[in-house]
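Listed below, chain by chain, are the residues.
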Amino acid sequence: FLHDDLKEMLDSNKDSLKLEAMKRIVAMIARGKNASDLFPAVVKNVACKNIEVKKLVYVYLVRYAEEQQDLALLSISTFQRGLKDPNQLIRASALRVLSSIRVTIIVPIMMLAIKEAASDMSPYVRKTAAHAIPKLYSLDPEQKDQLIEVIEKLLADKTTLVAGSVVMAFEEVCPERIDLIHKNYRKLCNLLIDVEEWGQVVIINMLTRYARTQFLNPNMNESLLEEGNDKTFYGSDDDEDEEEEEEKKSEAPMPKRKPYVMDPDHRLLLRNTKPLLQSRNAAVVMAVAQLYFHLAPKVEVGVIAKALVRLLRSHSEVQYVVLQNVASMTIKRRGMFEPYLKSFYIRSTDPTQIKVLKLEVLTNLANETNISTILREFQTYIKSMDKDFVAATIQAIGRCATNIGEVRDTCLNGLVQLLSNRDELVVAESVVVIKKLLQMQPEKHSDIIKHMAKLTDNIQVPMARASILWLIGEYCEHVPKIAPDVLRKMAKSFTNEEDIVKLQIINLAAKTCVYSSIGKYLNQDYKYVLNLAKYDQNYDIRDRARFIRQLIVPTEKSGALSKYAKKLFLALKPAPVLESPFKDRDHFQLGSLSHLLNAKAGGYQELPDWPEAAPDPSVRNVEVKDSVPEWTKCSSREKRKEKKVEKPFYSDSEGESGPTESADSESDSASGSEIGSGVVGSVSGTASEESEEGSESEEEEEEEEEDEKDKKMTMKKELKKPVQENPREDDMRLTLSSLFPVEPAPSPQVTPLNSFLSNSLATDLEGLSLSDAVLSPATLSPCSALKSYELLHRIRGEGLSVEYCFSRQPFSPDANMVAVQMQFTNNATSETKNLHMEEVKLQSGMRVKEFPEIELLPAGETATAVMGIDFCDSTQAANFQLCTHTRKFFVSIQPPVGELMRPVFLTENEFKKEQGERF
Amino acid sequence: MISQVFILSSQGDHLIYKDFRGEAGSDVVSVFYEKVTALTGDQPPVVMSHGDLHFVHVRQGGLYWVATTTSPGSSPFTIIEFLNRFSALVKDYCGSLSEKSVQMNFALIYELLDEVVDYGYIQTTSSDVLKNFIQTEAVSSKPFSLFDLSNVGFFGAETQQSKVAPSSAASRPIQSSREQGGRSEIFLDVIERMSVVIGSKGVVLKADVEGEVRVKCFMPSCSEMRIGLNEEFSIGKSQLRGYGAAVRVDECRFHQNVHLDEFHSNRVLRLCPSQGEQTVMQYQLSDDLPSAPPFRLFPTIERDSGGRLLMYLKLRCDLPSKSAAINVCATIPVPKGSVSLSQELSSPDQSAELKLQNRAIDWKIPRFIGGTQLSALFKLEVSGLSPSSLMEVGPVVLVFELPQLTVSGLQIRFLRLSPVQPAPSQRWIRYVTHSDSYILRL
């Protein structure tokens, strides 16, 4: 009857009543109550104008559509209308709900909607389309092929909003189609830092898998014995590795002895993920950490330790998972976490499971140098009130003692002292651990065994009793007088003991009997015990008694074996090895659920092994599809192509180290490192680049002043030459870079060089994955792309859209100014006239050089212009009005950190001097 | 990817249940609750399995926040982080986290969940993005008003210029600021947590401080905020320390929205805070504290002739005399077999109690003024007292709170909004230091 009341409210005209009703219905759903009988009443409101009501109706619809398919179909037309709405939010939400309605009959409609949305101009809608793909796939797996086409299309999308979502869809629908990633690999790497954080996690995980199939193991040449018993990264056989190594050596054409060269794309991935270790999202940090652990050369893995240790200050749930992973890593890479030993000390407020994991890590980290500190720390832990933790600590001490010979006696003494502890659990745990330690060198410690024999009177914990009895039996030769006494006592209490203790009593009886086979006086106790055992309730015990009787009491039938009784019982037994429970866990991908559970959860995808030989790296080369005329006009597009500059520069990755990577963030410190190229146009020069290109570019510098004619001549020659031959990339790069020496381009607008390039040459050059360093010589920025920013959006600007980027080139009219390159696009149907700037508002000290007025911008055309701004080294925005013949727009340009730079000429010596000061 | 999300009260009531992928029925909720309650340990494992289904849960605000997943490749981290973020979002939107606030805001939380997760994939958890989508208004359990401070005696005069806001002031939904346009407020907390270990001879073995600067913003429109820290603030060990009381931290991290361009010169953080709560800066300082640790213990432990254990404890507070520690509680482990306790305490407001199940004495001091010293004499009746019993008197754990004080010395010089808000805005700054783990070994 409550529902009648709700129906009435839903049918009313007042939005407030509808809203109230919907809220109550949603509350019912939230609590898991059934509200399906309201479906007809609710579905009517799907077209409600009130957005609040509408959203709640959507919630309801998604929940119940599957149950009430026929009625649900009534709502479809509303969504189809929504898909055409001019508002992107409505389009996206219509698609989201439509794709969430799990009704098979609408599969074709969904497919169509997804396809359309995938080419929507709003990235938000495209993102929603990507999210809809797995939903449709689970509803109808037969659509897979069509969906893969959509995924392929969306993978090529260049917005960060879409990237994460489409990779999620890729991972769910077609993770096996790794070939779809090739063309997008570099783009994904470069976009990664700007992708939404949850998307980052998915992309990083996918790229980890990708890299494992496409690149070579960076550690394959490391000397296998370098780090103790630390073998190769992935536990493959030594032989295999050596073979690989040899193969590699014979193949390697390198003049220096560098058998392994990291693929530049591999380096790109490592470089671009590293900054994400600073992310405030623990999931991202962990994803990068596992990527480094699985992909990076040994020497570089260390960087993740700090980030992981930082995660230890997070919620206890996060700590728990981090420690699990750290425990696995410490086994393979102890050195990495040694500096952070103190971070793993236990706090009184930690929950037990965290404490136990920290103990595990501390134990793994223990070595000769730090063991005394660790043991002192352990000592205080034993006083803790948390018994499970104390037990774990005692076991940890035992493990340290077995692993590190020097402290074995100290540990043993400490443990023996614990035997007089008043807490039985502590004593019991110590007994068990001492037993294991004594097995290593029993002859030295007969007094300890005697001491433990006395404990049998008091200790009640079965495991401890059993351990003591086993010790006495095993080493009865060291305590010949005590063993029979203990046996006598035990025989008395036999019936009341636990099963494991009973078994050990039988064992003790047999061993003493065998040892002192001369002394017949034992026989009484021994027979008594065996007789008791014969009628025990437990059949294991009866079995054991029967077995031992046959061995020890010789009868006619069993004569043969009893001769060997002594050898059987008192054989030398190997000492136990105390191992970490995390020993073999790292064959699971770190950070995965399977690793956490230490079990292969159903459907777990193993991380593939490194390939023996690298697959063809050229599959990742991208052919730029944008038509050439477009980019010759709008050089802001340089940004994209410039990424390809990276390729040749990366090839020498070994010598690269910290400073180059950190250079991204500190704009000025980097300026020293690029002397070679003469013009410092980029934020991030790499050391490797310098070493490789150093000599070459010096020549360039000399050439620089030479006449341009020469250059043009060679250009022409180049043009005539049929480039289709596809000469080897490297050669090509060399010839080209010497052909087009670096020059300080006066303006980034169409340079004389560019005008020479015919379309065909340009496309061919791109096909070779060559950089446009050739085309805009001053921008030799290997690893950071020019980012363009929106100055005026198409909608706000009534058809006129303006983007700007910092072209990183000298601004010729005034050296103190930063060149800002603006790209005007007229998307309107009519032409725009007299584009110019007005009313520049600046902070004191700042200056602006306006761009020349653009007289006419026909509809659909694009134009570029350059203006200069002197920001006075501040990041204050420059505000001005952008005027057309009809309208004025208020706009502002704010320089991001790292874009304020100017070219500096340095000689090599000056550079070295600078470098010395800075680093 | 996430299969289901549900929120349970600590009694196991279903508060929120949402299934994203239809991979498991709703009966798993009770399965989960049985699993959680069946375990005796102090904390159930973060991940639990039930057949192919894996439960990942966190506890926040006395509620279980649970997500289930069937895909083993997904990282548990993502889910844990998501649950933490989601509970933070709910807190932002509902004002506070409790069973009641969740119950009153079913629709809102459902809507949030709908925007945050799509078919098990996390879309976004940024409150800046979400505010464009979320329509439902939060229902506060008690409409909060600064003027409605009937129960605040010692918080000062009840005028608008009141210097102190009640600590509950910041627990209200972020959205309500939309309507009540006049009341824009910013709360800034500097919270530090100390973990200290002092050895038996009074040597400081370890002293760490973790701190964070947290902003909770109720500004309808985001304007730029400038936070000035101490001018002598320095990061890392290498930098020279002046003669003055420099504030030094080892490591410092900032929220990604913080602009640091003025930080190097003036120690000013610039940011445009988004609505809700965020941690602007986290820092940490180890071993080299600018001042002595706030508490020292001088114990004397002996057996008296009557077979009792005598513990004479002197606890000294080394804070400046203007400050005080509140809610101090010392937990002193006692030997096994302790039966009863008689006590002599130096002032009447203290109390001490023998907790037999924990085998410890809890010595409570409600207010401990800096520079003073308190003493306590505990006589313990221990059955079967032996010399080794003395060894069992374990390390003393102190729990306390230091209001209006930061151990690192970090201060907020100013908190400015620019451009100046048209409506009066209120800015509240609070300092507090908590004990994370303060251990005095005997």
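Residues numbered from 1 in each chain as written. Chains lettered and ligands numbered in written order. Predicted model: local features only at pLDDT ≥ 70, side-chain atom pairs only at ≥ 80, totals over all residues. Heavy atoms only, no water.

A word on the overall build of chain B
And step 1. Across its full length, chain B holds seven helices and 25 strands.
And step 2. Classification of the 442 residues of chain B by burial places 56% in the buried group.
And step 3. When contacts within chain B are restricted to residue pairs at least 6 apart in sequence, long-range pairs at least 24 apart make up 70% of them.
And step 4. Surface exposure of chain B reaches about 18,300 Å², of which carbon and sulfur atoms provide 51%. (Helix = DSSP H or I, 4+ residues; strand = E, 2+ residues; numbered from the N terminus. Buried < 20%, exposed > 50% of the residue type's maximum accessible area, 1.4 Å probe, protein only. Contact = heavy atoms within 4.5 Å. Areas by Shrake-Rupley, 256 points an atom, 1.4 Å probe, with all protein chains shown as cover.)

Topic: the overall build of chain A
And step 1. On a plain count of helices and strands, chain A comes out with 45 helices and nine strands.
And step 2. Within the span of chain A, comprising 919 residues, buried residues form 56% of the whole.
And step 3. Sequence separation of at least 24 residues holds for 69% of the intrachain contacts in chain A that already meet a minimum separation of 6.
And step 4. Carbon and sulfur atoms make up 51% of the accessible area of chain A, which amounts to about 40,600 Å² in all.

Here's the deal with unusual backbone geometry
Residue and element names in this part refer to chain B.
And step 1. Positive phi, normally seen in glycine, also occurs at N327, with a value near 50 degrees.
And step 2. With respect to the helices, strands and loops of the structure, N327 is situated in strand β18 (residues 324–333).
And step 3. Overall, N327 belongs to the partly exposed group, its relative accessible area being 48%.
And step 4. One non-glycine residue with positive phi stands out, namely Q404, at about 60 degrees.
And step 5. Inspection of the secondary structure puts Q404 in the loop between β23 (396–403) and β24 (412–418).

What to know about the pattern of salt bridges
And step 1. In this structure the tally under the stated criterion is 54 salt bridges over all chains.
And step 2. Where R209(A) meets E171(A), a salt bridge forms, and the shortest distance between an N and an O atom there is 2.5 Å. Highlighted residues: R209(A) in helix α13 (residues 197–214) and E171(A) in helix α10 (residues 160–173), separated in sequence by 38 residues.
And step 3. R209(A) gets classed as buried once you look at its relative accessible area, which sits at 12%.
And step 4. Judged by its relative accessible area of 24%, E171(A) is partly exposed.
And step 5. Taking the shortest distance from any N to any O, the salt bridge between R214(B) and E212(B) comes out at 2.4 Å. (Salt bridge = Lys/Arg side-chain N within 4 Å of Asp/Glu carboxyl O.)

Here's the deal with the interface of chain A and chain B
The accessible area lost on association of the parts is a frequent measure of interface size.
And step 1. At the interface, 71 residues of chain A touch 83 residues of chain B.
And step 2. Interface area, chain A with chain B, both sides summed: about 6,700 Å², of which 53% is carbon and sulfur.
And step 3. Along the contact surface separating chain A from chain B lie eleven salt bridges.
And step 4. Residues E210(B) and R347(A) are paired through a salt bridge, measuring 3.3 Å at the closest nitrogen-oxygen approach. (Buried area = accessible area lost by both parts, 1.4 Å probe.)

Side note on the confidence of the model for chain B
Residues and elements named next belong to chain B.
And step 1. Scored by pLDDT, chain B has a mean of 80; 85% of the residues are at 70 or more.
And step 2. Low pLDDT, under 50, characterises residues 143–162; the stretch is placed with 21 contacts to residues that sit more than four places away or in other chains.
And step 3. Throughout residues 177–182 the model reports pLDDT below 50, and contacts reaching past four residues in sequence, or to other chains, amount to ten contacts.
And step 4. In the predicted complex, the global pTM is 0.65; the interface-specific ipTM is 0.71. (pLDDT = per-residue confidence, 0-100.)

Here we look at the sheet that holds strand β3 (residues 818–826) of chain A
All names here are of chain A.
And step 1. What the five strands build is an open sheet, ordered β1-β2-β3-β7-β5; its pairing is antiparallel. The sheet terminates laterally at β1 (788–792) and β5 (847–849), the two strands that pair on one side only. Going across the sheet, the axis of each strand differs from the next one's by a mean of 30 degrees, ignoring polarity.
And step 2. Here eight bridges tie strand β2 (residues 800–810) to β3, and the two strands are oriented antiparallel to one another. The partner of Y804 across the bridge, within β3, is M822. (Pairing = 2+ DSSP bridges. Axes fitted to C-alpha atoms, helices over the stretch in contact; angles between N-to-C directions.)

Digging into the environment of L341(B)
Residues and elements named next belong to chain B.
And step 1. Mapped onto the secondary structure, L341 falls in strand β19 (residues 338–345).
And step 2. When the C-alpha positions of L341 and V382 are compared, they lie 9.1 Å apart, and in sequence the two are 41 residues distant.
And step 3. Sequence-distant contacts of L341, that is, excluding residues within four places in its chain, are made with E353, L354, I361, F378, K379 and L380.

Notes on the packing of helix α28 (residues 482–493) of chain A against helix α29 (residues 499–515) of chain A
Residue and element names in this part refer to chain A.
And step 1. Axis separation between α28 and α29 bottoms out at 10 Å; the angle between their running directions is 145 degrees. Considering only the axes of α28 and α29, their crossing is left-handed. Contacts between α28 and α29 involve A483, P484, V486, L487 and M490 from the former and I505, L508, A509 and T512 from the latter. (Left-handed = near helix turned anticlockwise from the far one by under 90°.)

Looking at the sheet that holds strand β22 (residues 373–382) of chain B
Residue and element names in this part refer to chain B.
And step 1. Within the open sheet, the four strands sit side by side as β16-β17-β22-β19. Their pairing is antiparallel. Of all strands in the sheet, those bounded by a partner on one side alone are β16 (295–303) and β19. Along the sheet, successive strands turn relative to each other by an average axial angle of 20 degrees, direction set aside.
And step 2. When β16 meets strand β17 (residues 308–317), the two strands line up antiparallel, connected through nine bridges. Bridging across to β17, T300 finds its partner in Y312.

Some remarks on the packing of aromatic side chains
And step 1. Tallied over the entire structure, the rule returns 30 aromatic pairs over all chains.
And step 2. Judged by centre distance (5.1 Å) and plane angle (70 degrees), the ring pair of F254(B) and F263(B) falls under edge-to-face.
And step 3. Under the relative-accessibility criterion, F263(B) is labelled buried at 2%.
And step 4. Linked through ring pairs, F6(B), Y17(B), F32(B), Y33(B), F55(B) and Y64(B) together constitute an aromatic cluster.
And step 5. Over the ring of Y185(A) we find R620(A), and its NZ or CZ is 5.5 Å from the ring centre.
And step 6. The residue whose ring lies beneath R267(B) is F263(B), and the NZ or CZ to ring-centre distance is 4.6 Å. (Phe/Tyr/Trp six-rings, centres within 6.5 Å; stacked < 30°, edge-to-face > 60°. Lys NZ or Arg CZ within 6 Å of the ring centre and 35° of its normal.)

Some details on the environment of P581(A)
Residues and elements named next belong to chain A.
And step 1. Tracing the backbone through its elements, the reader meets P581 in the loop between α33 (565–569) and α34 (593–597).
And step 2. You can call P581 exposed: its relative accessible area is 52%.
And step 3. A sequence separation of 254 residues divides P581 from A327, and the C-alpha atoms of the two residues are 9.3 Å apart.
And step 4. Once residues within four sequence positions are removed from consideration, P581 is found in contact with E360, R399 and N598.

A closer look at the packing of helix α5 (residues 69–82) of chain A against helix α6 (residues 88–100) of chain A
All names here are of chain A.
And step 1. It is the contact of α5 with α6, at a shortest axis distance of 8 Å, that shows an interaxial angle of 145 degrees. Seen from above, α5 lies across α6 with left-handed handedness. Only I90, R91, A94, V97 and L98 of α6 make contact with α5, whose side of the interface consists of I76, F79 and G82.
And step 2. A breakdown of the residues in the contact of α5 with α6 according to their chemical character gives six nonpolar, one polar and one charged. (Nonpolar A, V, L, I, M, F, W, Y, C, P; charged D, E, K, R; others polar.)

Here's the deal with helix α22 (residues 371–382) of chain A
All names here are of chain A.
And step 1. Compared with the 16 Å implied by 1.5 Å per residue over twelve residues, the 16 Å span of α22 between its first and last C-alpha is a close match.
And step 2. Here α22 has its buried residues at I371, I374, L375, E377, F378, Y381 and I382. Taken down its axis, α22 places every buried residue within 160 degrees of arc, on the same side. Turned more than 90 degrees away from the buried face of α22, the exposed residues are R376 and Q379.
And step 3. In this fold, the buried residues of α22 make contact with α21 (352–365), α23 (387–403) and α24 (408–418). (Expected span 1.5 Å × (residues − 1). Arc of directions from axis to C-beta.)

Quick word on the side chain of R21(B)
And step 1. By secondary structure assignment, the location of R21(B) is in the loop between β2 (14–19) and α1 (28–38).
And step 2. By relative accessible area, R21(B) is classed as buried at 10%.
And step 3. Among the polar contacts made by the side chain of R21(B), one reaches the main-chain carbonyl oxygen of Y119(B) at a distance of 3.0 Å.
And step 4. Those residues in contact with R21(B) that lie beyond four places of it in its chain are E172(A), M1(B), I2(B), S3(B), Y119(B), G120(B) and Y121(B). (Polar contact = N/O pair within 3.5 Å; in protein donor to acceptor, adjacent residues only side chain to side chain.)

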